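Summary of the model geometry
The residues making up each chain are set out below.
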Amino acid sequence: MVEMTDIRNIVILTGAGVSAESGIDTFRDAGGLWEKHRVEDVATPEAFARDPDLVHRFYDMRRAAIQTKKPNDAHYALAELDRHWRGEGRNLLIVTQNVDDLHERAGAERLLHMHGEHLVALCQACEIRSPWTGPMQHRPPCPICGTPSLRPDVVWFGEMPYHIPEIYSAIRTADLFVSIGTSGAVYPAAGFVRDAKQQGAKTLELNLEPSQGSHFFDEARYGPATEVVPEWVDELLDL
Ligand code: OAD
């Protein structure tokens, strides 16, 4: 078993629960996004082909909303951990399923968005990504090639998540894997804990309640992210 004091390489997976207290709806909790909107209507390539106006309206609303939200203490604690750990020459990677930008606004640097980002537009003509804060519903031109064929750069159901080789490469050398605020319902992210465990990492879950894969974790702490995440980071940095 890995001792906490021996930990050098950390991989942290985050989900919607980490941004819940910033006022961003989760997906599967009561009142969550997938209760208000059907995945098949707004979050698949087929939905976009069938009714691009509806899909653009949905993402335009979400893109506008996240820009009114602020990082919370969980985002700040993880950014602080990233900074400290880097200062000691240790590896850390935050893999987020979230499409908001609250981790980076809190100051986290070693971060991958495996499900894409609300604030990025992907041009379907030239396939180049551009920063994007406004709406897309009126079909604005791509800032690079001028074609009016932008789509939100979010990974829809049926599409391949981003950065998979880098994520697995970090998991292969991780000695601590931490999952924060995710229900463990969506693969491949839900399987990372097993991969990490198999190669010898200690595994920890921080969530409001047990996730679907809670039995795979060596340790779990339940409570709101703004409480359990700063507590855990303080403990780790005090070791
Ligand atoms: P979910 O909505 O499935 O799960 C959110 C988790 O956060 C649940 O386990 C909650 O118990 C927990 N939670 C809620 N409030 C919390 C709080 N204040 N503190 C700590 N935990 C809290 O969201 P994800 O697991 O992120 O994918 O969903 C994974 C993916 O499914 C998303 O990235 C999205 C979605 O469909 C795509 O759109 C591709």
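Rules and cut-offs
Residues numbered from 1 in each chain as written. Predicted model: local features only at pLDDT ≥ 70, side-chain atom pairs only at ≥ 80, totals over all residues. Heavy atoms only, no water. Pairing = 2+ DSSP bridges. Helix = DSSP H or I, 4+ residues; strand = E, 2+ residues; numbered from the N terminus. Axes fitted to C-alpha atoms, helices over the stretch in contact; angles between N-to-C directions. Near = heavy atom within 4 Å. Polar contact = N/O pair within 3.5 Å; in protein donor to acceptor, adjacent residues only side chain to side chain. Areas by Shrake-Rupley, 256 points an atom, 1.4 Å probe, with all protein chains shown as cover. Nonpolar A, V, L, I, M, F, W, Y, C, P; charged D, E, K, R; others polar. Domains from an automatic or database assignment. Contact = heavy atoms within 4.5 Å. Salt bridge = Lys/Arg side-chain N within 4 Å of Asp/Glu carboxyl O. Buried < 20%, exposed > 50% of the residue type's maximum accessible area, 1.4 Å probe, protein only. Arc of directions from axis to C-beta.

1. Side note on the sheet that holds strand β5 (residues 129–131)
- Sheet architecture is open: 3 strands sit in the order β5-β4-β6, paired in antiparallel fashion. Each edge of the open sheet is held by one strand with a lone partner, namely β5 and β6 (150–154). In this sheet, neighbouring strand axes are inclined to one another by 45° on average, regardless of whether the strands run parallel or antiparallel.

2. Structural notes on the site of the ligand
- The environment of the ligand is made up of 24 residues, and the closest members are Ala-16, Phe-27, Arg-28, Thr-182 and Ser-183.
- A distance of 2.7 Å separates an oxygen atom of the ligand from a polar backbone atom of Phe-27.
- Thr-182 is positioned with one of its side-chain polar atoms (N or O) 2.6 Å from an oxygen atom of the ligand.
- The protein chains hide 94% of the 790 Å² of surface that the ligand would expose on its own.
- In the shell around the ligand, the residues fall into 10 nonpolar, 10 polar and 4 charged.

3. With respect to the domain arrangement of the protein chain
- Parsing the protein chain into structural domains produces domain 1 (9–24 + 71–115 + 160–237) and domain 2 (39–68 + 134–154).
- Placing a centre on the C-alpha atoms of domain 1 and another on those of domain 2 gives a separation of 28 Å.
- In this complex, domain 1 contributes 7 residues to the contact, which on the side of domain 2 involves 5 residues.
- Here domain 1 is connected to domain 2 by 0 salt bridges.
- In this structure, the connection of domain 1 to domain 2 is made through 2 residue pairs in polar contact (both at pLDDT 80 or more).
- By residue class, the composition of the side of domain 1 that touches domain 2 is 3 nonpolar, 1 polar and 3 charged.

4. Some points on helix α8 (residues 164–172)
- Regarding α8, the residues found buried are Ile-164, Ile-167, Ala-170 and Ile-171. Viewed along the axis of α8, the buried residues span an arc of 130°, placing them on a single side of the element. Set apart from the buried face of α8 by more than 90 degrees, the exposed residues are Pro-165 and Arg-172.
- Elements in contact with the buried residues of α8: β1 (9–14), β2 (91–96), β3 (111–113) and α9 (192–198).

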